[in-house]
Amino acid sequence: MFDLTQKVALVTGGARGIGKGIARVLGRAGARVIIADIDAAAGQACAAELGGHYLPLDVSRQADCRRVVDDVIASHGQLDILCSNTGIFPQCALADMTEQEWDRMHNINLKGTFFMVQAALAVMRPRGYGRVVITSSITGPITGFPGWSHYAASKAGQLGFMRSAALECARDGVTINAVMPGNILTEGLQAQGEAYLEQMKAAIPSHCLGTPEDIGHAACFLASREARYITGQTLVVDGGQVLPESPEA
Ligand code: NAD
């Protein structure tokens with residue numbers, strides 16, 4: 001287990017699912033954890049359960065993202081780790097997709113990443129220390145899935161953003177990396193329906209879905225001091241789902 005004592009970590013979309021799994025693992029490693037989420041009731045319950053602190057956030061609003069970082073600095077004096085994890089993934093066939101559906105996806109998943117990371121870097125870079133971990137996905141950067149063209153575009157976009165941003169911060173002691181989850185059992189994934197879950201289980205070599213803490217452990221590594229020489233990179237956590245099988249196997 002990496003040691004995150006003395007570190008302050010902000011996890012967006014941390015009220016449930018993968019964000020909660022990340023918050024739990026970072027807290028166990030000793031970090032003081034702040035959960036920022038649009039769902040106040042779930043966010044407060046999660047903070048109470050994990051011994052953290054909750055801040056309201058709509059990540060698609062730039063002013064909210066800046067306010068959350070200001071609040072973290074006001075209450076904790078520093079921000080060492082940002083896990084920019086918020087994301088939505090409603091399915092919609094391309095033929096039926098409206099401009100509003102496309103924009104909502106990008107406003108939360110991609111623009112929200114830009115807003116949140118930019119706000120965090122404004123306090124991390126002058127201090128000369130920071131760890132940013134973005135939750136992307138295998139869908140988009142590596143694979144596709146029918147009904148998720150807007151989602152896939154947003155998740156691939158996060159990686160392009162991450163690589164260039166990482167280069168801008170490389171001299172400031174700030175690293176920016178991404179985890180790429182496969183299929184992780186969360187409320188958001190369950191909302192895709194039982195048929196989807198069964199199809200995914202069949203596609204995973206171990207036939208078992210991942211847990212939010214599987215992503216938490218990967219994020220904890222990238223958020224650690226020890227990962228100081230890793231930046232602009234991606235870590236796939238998918239139980240081997242995207243590995244091509246050898247024809248001879
Ligand atoms: P989830 O739906 O279970 O949880 C998402 C959280 O984000 C919720 O607490 C929700 O209230 C919050 N949220 C939604 N809109 C928000 C907004 N505008 N501002 C602030 N908070 C908001 O989702 P999850 O499965 O835990 O996924 C989390 C992240 O992991 C997403 O970025 C998703 O794309 C990514 N991901 C998930 C999977 C998976 O299998 N679950 C796979 C690959 C990638």
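- An unreviewed UniProt entry annotates the protein chain as 3-oxoacyl-ACP reductase FabG originating from Zobellella taiwanensis.
- Quoted verbatim from the Sequence similarities (unreviewed entry) field of UniProt, the annotation for the protein chain is "Belongs to the short-chain dehydrogenases/reductases (SDR) family."

### So, the UniProt feature "domain: Ketoreductase" (unreviewed entry) in the protein chain
Okay, step 1: Following the UniProt record, one finds the feature "domain: Ketoreductase" (unreviewed entry) at residues 7-183.
Okay, step 2: Across residues 7-183, the secondary structure splits into 50% helix and 19% strand, with the terminal C-alpha atoms separated by 29 Å.

### Remarks on the site of the ligand
Okay, step 1: Close to the ligand lie 30 residues; Gly13, Gly17, Gly87, Thr186 and Gly188 are nearest.
Okay, step 2: When contributions to the shell around the ligand are tallied by element, the ones reaching two or more residues are α1 (17-28) and α6 (187-190).
Okay, step 3: The class makeup of the residues in the shell around the ligand is 12 nonpolar, 13 polar and five charged.

### Some thoughts on the confidence of the model for the protein chain
Okay, step 1: For the protein chain, per-residue confidence averages 97 on the pLDDT scale, and residues scoring 70 or more make up 100% of the total.
Okay, step 2: Least confident of the elements in the protein chain is helix α7 (residues 194-203), whose mean pLDDT is 94; most confident is strand β4 (residues 81-84), at 99.
Okay, step 3: The ipTM value of the predicted complex is 0.99, and its pTM value is 0.98.

### A closer look at the environment of Ile204
Okay, step 1: Looking at where Ile204 falls in the secondary structure, it is placed in the loop between α7 and α8 (212-222).
Okay, step 2: You can call Ile204 partly exposed: it has 17 C-beta atoms within 10 Å.
Okay, step 3: Along the primary structure Ile204 and Trp102 are separated by 102 residues, whereas in three dimensions their C-alpha atoms are 29 Å apart.
Okay, step 4: Excluding anything up to four places from it in sequence, Ile204 contacts Gly182, Asn183, Gly239, Gly240 and Gln241.

Basis of the calculations
Residues numbered from 1 in each chain as written. Predicted model: local features only at pLDDT ≥ 70, side-chain atom pairs only at ≥ 80, totals over all residues. UniProt positions renumbered as here; feature names shortened; annotations may be inferred. Helix = DSSP H or I, 4+ residues; strand = E, 2+ residues; numbered from the N terminus. Near = placed C-beta within 6 Å. Nonpolar A, V, L, I, M, F, W, Y, C, P; charged D, E, K, R; others polar. pLDDT = per-residue confidence, 0-100. Buried ≥ 20, exposed ≤ 12 C-beta atoms within 10 Å, placed from the backbone. Contact = placed C-beta atoms within 7 Å.

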